[in-house]
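Geometric and topological summary
This is what each chain is made of:
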Amino acid sequence: VSLKVNRGEVFGIIGNNGAGKSTMLKVISKVLRPSQGRVRVWGKIAPLLELGAGFHPELSGRENVFLNGALLGYGKLEMESVFDEIVDFSELGSFIEAPVRTYSSGMSARLGFAVATAHIPEVLILDEILSVGDETFQKKSRERLLNFQKQGATVLMVSHGLDSMIAMCERLVWLDHGQVRLIGEPAEVVAAYRGENS
């Protein structure tokens, strides 16, 4: 795979299960090392790769906000300054004091998204996260991403929600078994993908 994502771009990755989408995001996020080749990233990365990744199930939501913030490179004071906004955005209210093991997958995902996006990252990486939560939360999340883009953040995202990818992304890449099939304008790439997978 060889591609370039431009600064400030919302870039999407589509493909069937097993195509290499999540693996590519993990390599870019430095969770995995590439077996060959190289990845160059300019800027601080905020990855949101799995629901509740980096959360400790026995700790409260509050404690996990600070733990996850530390994993993203933010200090205690930085996290304290955005804590109320995180709770408000995640819509957890009093559940923030409950152990994360009691959260639904949607609650964990909302908290993870709120923490990862509490500060404007230079590069935000999202793996299937915009399909979580109700329609209102999804809309709120999309608006936050578009606001980040306006402020110069780069967003890399994977989703099977093809209509959302067309609406949000400037370009898409279609991966198939670790190979690039097509890069281009979202509607064109999705049409080709759907044509082969229908």
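Residues numbered from 1 in each chain as written. Predicted model: local features only at pLDDT ≥ 70, side-chain atom pairs only at ≥ 80, totals over all residues. Heavy atoms only, no water.

Here we take up unusual backbone geometry. Even without a glycine there, the phi angle at Lys30 is positive, about 70°. Summarising the element assignment, Lys30 is placed in the loop between helix H1 (21-28) and strand E2 (45-48). On the accessibility criterion, Lys30 (66% relative accessible area) is exposed. Residue Glu91 is not a glycine yet carries a positive backbone phi of 60°. Counting through the fold element by element, Glu91 comes out in the loop between helix H3 (76-90) and helix H4 (105-116). On the basis of relative accessible area, Glu91 is assigned to the partly exposed category, the value being 38%. (Helix = DSSP H or I, 4+ residues; strand = E, 2+ residues; numbered from the N terminus. Buried < 20%, exposed > 50% of the residue type's maximum accessible area, 1.4 Å probe, protein only.)

Moving on, we come to the pairing of strand E4 (residues 154-158). Among the five residues that make up E4, five are buried, leaving the element largely enclosed by the rest of the structure. Side-chain alternation along E4 places Thr154, Leu156 and Val158 on one buried face and Val155 and Met157 on a second face that is also buried. In terms of strand pairing, strand E1 (residues 10-14) meets E4 through four bridges, oriented parallel. Pairing of Gly12 across the sheet is with Met157, part of E4. Examined bridge by bridge, strand E3 (residues 123-127) and E4 share five bridges and lie parallel to one another. Considered in E4, the bridge of Leu126 is made with Met157. (Pairing = 2+ DSSP bridges.)

Further remarks concern the packing of aromatic side chains. The final tally for this structure, using the stated rule, is five aromatic pairs. Taking 5.8 Å as the distance between ring centres and 15° as the angle between the ring planes, the aromatic pair formed by Phe66 and Phe83 counts as stacked. With a gap of 17 residues between them, Phe66 in helix H2 (residues 61-71) and Phe83 in helix H3 connect regions that are remote in the sequence. The exposure class assigned to Phe66 is partly exposed, which follows from its relative accessible area of 24%. When the ring of Trp174 is compared with that of Tyr193, the centres are 5.5 Å apart and the planes differ by 85°; the resulting orientation is edge-to-face. (Phe/Tyr/Trp six-rings, centres within 6.5 Å; stacked < 30°, edge-to-face > 60°.)

In this structure, the largest pocket spans a volume of roughly 1200 Å³. Every residue lining the largest pocket is counted, 34 residues in all, and those nearest its centre are Leu3, Ile28, Arg38, Val39 and Arg40. For the lining of the largest pocket, the leading source of residues is H1, giving four residues. Its residues assigned to classes, the lining of the largest pocket comprises 17 nonpolar, 12 polar and five charged. (1 Å grid on protein atoms, 1.4 Å probe; cavity = no way out; pocket = protein on both sides within 12 Å on 5 of 7 lines; lining within 4 Å. Points joined across faces, edges and corners; volume = space filled by probe spheres on them. Nonpolar A, V, L, I, M, F, W, Y, C, P; charged D, E, K, R; others polar.)

Taken together, the buried positions of H1 are Lys21, Met24, Leu25, Val27 and Ile28. Each buried residue of H1 sits inside an arc of 160° when the element is viewed along its axis, so together they form one side. Here the buried face of H1 lies against E1, E2, E3, E4 and strand E5 (171-176). Backbone geometry just after H1 places Lys30 at a positive phi near 70°. (Arc of directions from axis to C-beta. Contact = heavy atoms within 4.5 Å.)

Here Glu9 lies in the segment before E1. Among the residues examined, Glu9 registers a relative accessible area of 4% and is labelled buried. Here Asn6 takes part through its backbone nitrogen, which lies 2.9 Å from a polar atom of the side chain of Glu9. Apart from residues no more than four positions distant in its own chain, Glu9 is found in contact with Ala153, Thr154, Val155, Glu170 and Arg171. (Polar contact = N/O pair within 3.5 Å; in protein donor to acceptor, adjacent residues only side chain to side chain.)

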